[in-house]
Amino acid sequence: MSTAEASRQLNVSARQVQRLAANGTIAQVGSVGRVKLLDARSIQQLKIQKTGRGRPWTQGSIELALEWLNTGKATSGTSVERSRTRKRLEKITDEGLVQNMRRRAVVRRYRASKSFLDEVAQSVTLTGTSAIDADFQLAHDFGLSGQVGRSVDGYITGKAAKQLIRSAHLVEDSNGNVTLRMTEMKALLKGRLESLVVALDLAESLDVRQRAAGLNFIEGKLKAFR
């Protein structure tokens, strides 16, 4: 999809689309001459999230929000930052939280041979349907079933991602079976993610059931926090 078409679909300026592409919110999948081609899936996700306008939270704010919602308290950041984040969470909606926390990782999709999927899965912190596939209790909590190893979705550092792309012979593909969420946030690189992070990723899905399950979980977290 061209920048002009993305601009029309998202109802934002071409310059805003270029900024979203530059920061990784919209994936670039190639070019034809001087025209950059953008990932239609990324654009559809933005349309679902209604995230064309507004500045997403910084990673520091995201980490504070995860602390507050997962533990009911926060210790990182300054007292002013903790207070500001708490006030935001007291008013925000489930969709608003998804929108504001979208810059937690740079997302890229790849195609991998089935023989390398196990290596990929062992190299990332699983999320979304991959986490559900690996954890029966998580599947029960969200009321979803996994995809039985057909794809891998997970968090990984940028450095580790480069090594994995080489070793597993990953080929960039906007419709691929591997989703790498590149981040340096320690909270997203644990052996097992908090359910809230899995919910955030499900809420960005194009699948209606997955998105609804993610949003319902987030809504419950916000109500419990308040």
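About the criteria used
Residues numbered from 1 in each chain as written. Predicted model: local features only at pLDDT ≥ 70, side-chain atom pairs only at ≥ 80, totals over all residues. Heavy atoms only, no water. Helix = DSSP H or I, 4+ residues; strand = E, 2+ residues; numbered from the N terminus. Rg over C-alpha atoms; globule rule 2.2 N^0.38 Å. Buried < 20%, exposed > 50% of the residue type's maximum accessible area, 1.4 Å probe, protein only. Contact = heavy atoms within 4.5 Å. Lys, Arg positive; Asp, Glu negative; His and termini not counted. Charge placed at Lys NZ, Arg CZ, Asp CG, Glu CD. Salt bridge = Lys/Arg side-chain N within 4 Å of Asp/Glu carboxyl O. Pairing = 2+ DSSP bridges. Arc of directions from axis to C-beta. Core = buried A, V, L, I, M, F, W, Y, C linked by side-chain atoms within 4.5 Å.

**Student:** How would you summarise the overall build of the protein if you had to cite specific residues and measurements?
**Tutor:** Per the secondary structure count, the protein includes 12 helices and seven strands. For the protein, whose C-alpha radius of gyration is 17 Å, the value lies close to the compact-globule estimate of 17 Å for 226 residues. Along the first, second and third principal axes, the C-alpha atoms of the protein reach 50 × 40 × 30 Å. Across the 226 residues in the protein, those meeting the buried criterion constitute 45%. For the protein, contacts bridging at least 24 residues in sequence account for 73% of all contacts bridging at least 6. If you average the places of the 37 positive and of the 22 negative side-chain charges in the protein, the two averages end up 7 Å apart.

**Student:** Could you give me a rundown of the pattern of salt bridges, with the residues and numbers involved?
**Tutor:** Summed over all chains, the structure comprises 13 salt bridges. For Arg108, the salt bridge goes to Glu172, with nearest N and O atoms at 3.9 Å. One end of the pair, Arg108, is in strand E3 (residues 106–111); the other, Glu172, is in strand E6 (residues 171–172), with 64 residues separating them in the sequence. Judged by relative accessible area, which is 46%, Glu172 ranks as partly exposed. Its salt-bridge partner being Arg181, residue Glu204 comes within 4.0 Å of it at the nearest N-O pair. Here Glu204 is found in the loop between helix H11 (195–203) and helix H12 (208–225), whereas its partner Arg181 is found in strand E7 (residues 178–182), with 23 residues between them in sequence.

**Student:** So what's going on with the sheet that holds strand E5 (residues 152–156)? Residues and values would help.
**Tutor:** An order of E4-E5-E7-E3-E6 is seen for the five strands of this open sheet, with the pairing classed as mixed. Pairing within the sheet leaves two strands with one partner each, and these edge strands are strand E4 (125–126) and E6. Sheet topology note: the E3/E6 ladder contains two bridges and is antiparallel. Bridged to Tyr110 within E6 is Glu172.

**Student:** Now, about helix H2 (residues 14–22): what can you tell me, with residues and values included?
**Tutor:** Those residues of H2 that fall on the buried side of the exposure criterion are Gln16, Val17, Leu20 and Ala21. Angular distribution of buried residues about the axis of H2 spans 140°; they occupy a single face of the element. Along H2, the residues that are exposed and aim more than 90 degrees away from the buried face are Arg15 and Ala22. Backbone geometry just after H2 places Gly24 at a positive phi near 90°.

**Student:** Mind laying out unusual backbone geometry, listing which residues take part and the relevant values?
**Tutor:** Even without being a glycine, Asn11 presents a positive backbone phi close to 60°. With respect to the element layout, Asn11 can be found in the loop between helix H1 (3–10) and H2. Unusually for a residue other than glycine, His169 sits at a positive phi of about 55°. The residue His169 is located in the loop between helix H10 (158–167) and E6 in this model. For His169, a relative accessible area of 52% corresponds to the exposed category.

**Student:** Before we move on, could you go through the nonpolar core and cite the residues and values that matter?
**Tutor:** In terms of nonpolar packing, the biggest core is built from 36 residues, with Trp57, Leu66, Leu89, Leu97, Met101, Phe142 and Ile218 touching the most fellow members. Contributions of two or more residues to this core are made by helix H4 (59–71), helix H6 (94–100), helix H8 (128–134), helix H9 (136–142), H11 and H12. Counting residues per element, this core draws most heavily on H11, which supplies seven residues. Beyond its immediate stretch of four places on either side in the chain, Leu97 contacts Trp57, Leu69, Leu89, Ile92, Leu200 and Ile218.

**Student:** Can you break down the pairing of strand E1 (residues 28–32) residue by residue, with the values?
**Tutor:** In the sheet, E1 pairs with strand E2 (residues 35–38) via four bridges, with the strands oriented antiparallel. Looking across to E2, one finds that Val32 is bridged to Val35. Here E1 folds back onto E2, and the loop between the two strands holds two residues, one of which, Gly33, carries a positive phi near 65°.

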